[in-house]
Amino acid sequence: MDHLGDSSSLADKARCVGLLGAVLRDLSPFSYHPGDDRFSNILDSVMGIFEAGSPESIPFQDSLAAADALGQAGDPRLNDNNPEQWVDIPEGTCLLGAQKENSKDPGYDEEAYKNEVPVNEVFLDAFRIGRYSVTVSTYRSFVDHGGYENEDYWTEGGFSQFKQPENWENQLEFPNRPVVGVSWYEARAFCSWAGGRLPTEAEWERAARGGDGRKYPWGNQEPDESRLNFDSNIGHPIPVGLYPTGSSPEGLLDMAGNVVEWCNDWYDEDYYGRRPQSNPPGPKEGEVRVLRGGAWIYGSRSVRCALRNWLDPSDRSYNVGFRMVL
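A few points on the structure. Quick caveat: nothing in here was measured; it's all calculated off a predicted structure.

## Here's the deal with the side chain of Arg-304
Counting through the fold element by element, Arg-304 comes out in the loop between β6 (289-292) and β7 (308-311). Arg-304 sits in the buried class, given a relative accessible area of 1%. Among the polar contacts made by the side chain of Arg-304, one reaches the side chain of Asp-109 at a distance of 2.7 Å. Apart from the residues within four sequence positions on either side, Arg-304 is in contact with Asp-109, Glu-111, Ala-112, Tyr-113, Glu-116, Lys-215 and Tyr-216.

Written out as structure tokens, the structure reads:
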């Protein structure tokens, strides 16, 4: 910090904050916090790394290190009282699904799978959804306040099956990265504790792609490393919101790449054929829950907004998280 002046670039400040974050992580067993008054000021000064159209080029690794440092110090974006954590999606019609038969028809996508067909125009009620995936720091409150011990939150099942997320101690080192290694039951219990719910599959897709049936959250341009964490280009999940140029029309972040997200629905192969306005009936023996979105290990075909995946509700994965609807 001694080497930074008023005219220091955002890139220089980000690099400094990244180094400070590494110090904080190393000293976290001692609950160390810098006493220098300049510390909070320099943290505030690097918030520009989360804004689209930054006036200067910053090496991504410096932005990543700075974002991790903000997680160590308390990321102000994730403050419980910050209304910017939530995005209101208005009621109205939207295009859901994809088709690869006619390039002139809505929802054309030459990479569409069978379970993404046909395209539907559906009406959805208004809802409020998290701008970011639920983070480690937010989920930690559920763990620390006895969420795993209170059966009231586990009305859909799974109570006493787990005690904490998978690889939890390592996850705690990166508070503003998405929580992963949680089953559908755990995600559902967290939402119950927090006063929300998981999004329906239709809500998730509407939030990701707007109402116009675009291929990716940002439009139809092919993915690249400036828009999302995908194709193992980084090799692990990263702090939420580091790709503002990859946002959805309403400003949701990381709807493609980073981590796959649980939805409330039971998986239905012919979901679009039955018009996705509500949860399909179920479950039947052996049925699975829906996953939507891409992940840091997925290639371009698997980060499209229409892509549909599934897992058993008890399963956990290092690339699966969730976001919440109020």
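From this point, things continue past the structure.
## As for the packing of helix α4 (residues 136-144) against helix α6 (residues 184-194)
Running from N to C, α4 and α6 point in directions that differ by 80°, and their axes come no closer than 10 Å. Here α4 lies roughly perpendicular to α6, going by the angle between them. Contacts from Thr-138, Tyr-139, Ser-141 and Phe-142 of α4 reach α6 at Glu-186, Ala-189, Phe-190 and Trp-193. Grouping the constituent residues of the contact of α4 with α6 by class yields 5 nonpolar, 2 polar and 1 charged.

## Some points on the pattern of salt bridges
Here the structure, examined in full by the defined rule, presents 25 salt bridges. Note that Arg-304 and Glu-116 form a salt bridge whose closest N and O atoms lie 2.8 Å from each other. You can see Arg-304 sitting in the loop between β6 and β7 and its partner Glu-116 sitting in the loop between β2 (92-96) and β3 (120-124), a full 188 residues away along the chain. Overlapping salt bridges, with partners in common, bring together Asp-109, Glu-111, Glu-116, Lys-215, Glu-222 and Arg-304 in one network.

## Details of the packing of aromatic side chains
This model, assessed by the stated rule, comprises 20 aromatic pairs. Ring plane angle 70° and centroid distance 5.1 Å describe the contact between Tyr-271 and Tyr-272, whose orientation is recorded as edge-to-face. Take Tyr-271: its relative accessible area is 3%, and that puts it in the buried class. Pairing Trp-296 with Tyr-318 gives two aromatic rings, centres 5.9 Å apart and planes at 50°, and the pair type is tilted. Residue Trp-296 is located in the loop between β6 and β7, and its partner Tyr-318 is located in the loop between β7 and β8 (320-321); the two are separated by 22 residues in the primary sequence. Aromatic ring contacts, followed pair by pair, group Tyr-139, Phe-142, Tyr-148, Tyr-153, Trp-154, Phe-159, Trp-168, Phe-190, Trp-193 and Phe-322 into a single cluster. Its guanidinium or amino end placed over the ring of Tyr-132, Arg-77 lies 5.1 Å from that ring's centre, counting from NZ or CZ. The ring of Phe-162 is capped by Arg-316, whose NZ or CZ atom sits 3.8 Å from the centre of that ring.

## Focus on the nonpolar core
Grouped together as the largest cluster of nonpolar side chains are 32 residues, with contacts concentrated most on Tyr-139, Val-179, Phe-190, Trp-262 and Phe-322. Contributing elements (two or more residues each) for this core: α4, α6 and β5 (260-266). No other element matches the 6 residues that α6 contributes to this core. If you look at the next biggest cluster of nonpolar residues, it comprises 24 residues, including Val-17, Ala-66, Leu-70 and Leu-242.

## What to know about the sheet that holds β5
Across the sheet, 4 strands lie side by side as β7-β6-β5-β8; this open sheet has mixed pairing. Edge positions in the open sheet fall to β7 and β8, since each of these has one partner strand only. Sheet topology note: the β6/β7 ladder contains 4 bridges and is antiparallel. Each residue of the ladder has a partner; that of Arg-292, found in β7, is Arg-308.

## A word on the side chain of Asp-62
Residue placement: Asp-62 occurs in helix α3 (residues 60-73). Since its relative accessible area comes to 15%, Asp-62 is described here as buried.

## Quick look at unusual backbone geometry
Here the amide bond leading from Val-117 into Pro-118 is cis, since omega sits at 0°, within 30 degrees of zero. Assignment of secondary structure puts Pro-118 in the loop between β2 and β3. A positive phi angle, close to 55°, is found at Asn-167, a residue other than glycine. Overall, the relative accessible area of 49% leaves Asn-167 in the partly exposed class. At Asn-258, a residue that is not glycine, the phi angle is positive and equals roughly 70°.

## Comments concerning helix α7 (residues 201-209)
Judged by how many residues are buried, α7 sits mostly within the fold: 9 of 9 residues are covered. Along α7, the residues that are buried comprise Glu-201, Ala-202, Glu-203, Trp-204, Glu-205, Arg-206, Ala-207, Ala-208 and Arg-209. Two residues or fewer past α7, Gly-210 is found with a positive phi of approximately 70°.

What counts and how
- Residues numbered from 1 in each chain as written.
- Predicted model: local features only at pLDDT ≥ 70, side-chain atom pairs only at ≥ 80, totals over all residues.
- Heavy atoms only, no water.
- Helix = DSSP H or I, 4+ residues; strand = E, 2+ residues; numbered from the N terminus.
- Buried < 20%, exposed > 50% of the residue type's maximum accessible area, 1.4 Å probe, protein only.
- Polar contact = N/O pair within 3.5 Å; in protein donor to acceptor, adjacent residues only side chain to side chain.
- Contact = heavy atoms within 4.5 Å.
- Axes fitted to C-alpha atoms, helices over the stretch in contact; angles between N-to-C directions.
- Parallel < 35°, antiparallel > 145°, perpendicular 65-115°, else oblique.
- Nonpolar A, V, L, I, M, F, W, Y, C, P; charged D, E, K, R; others polar.
- Salt bridge = Lys/Arg side-chain N within 4 Å of Asp/Glu carboxyl O.
- Phe/Tyr/Trp six-rings, centres within 6.5 Å; stacked < 30°, edge-to-face > 60°.
- Lys NZ or Arg CZ within 6 Å of the ring centre and 35° of its normal.
- Core = buried A, V, L, I, M, F, W, Y, C linked by side-chain atoms within 4.5 Å.
- Pairing = 2+ DSSP bridges.

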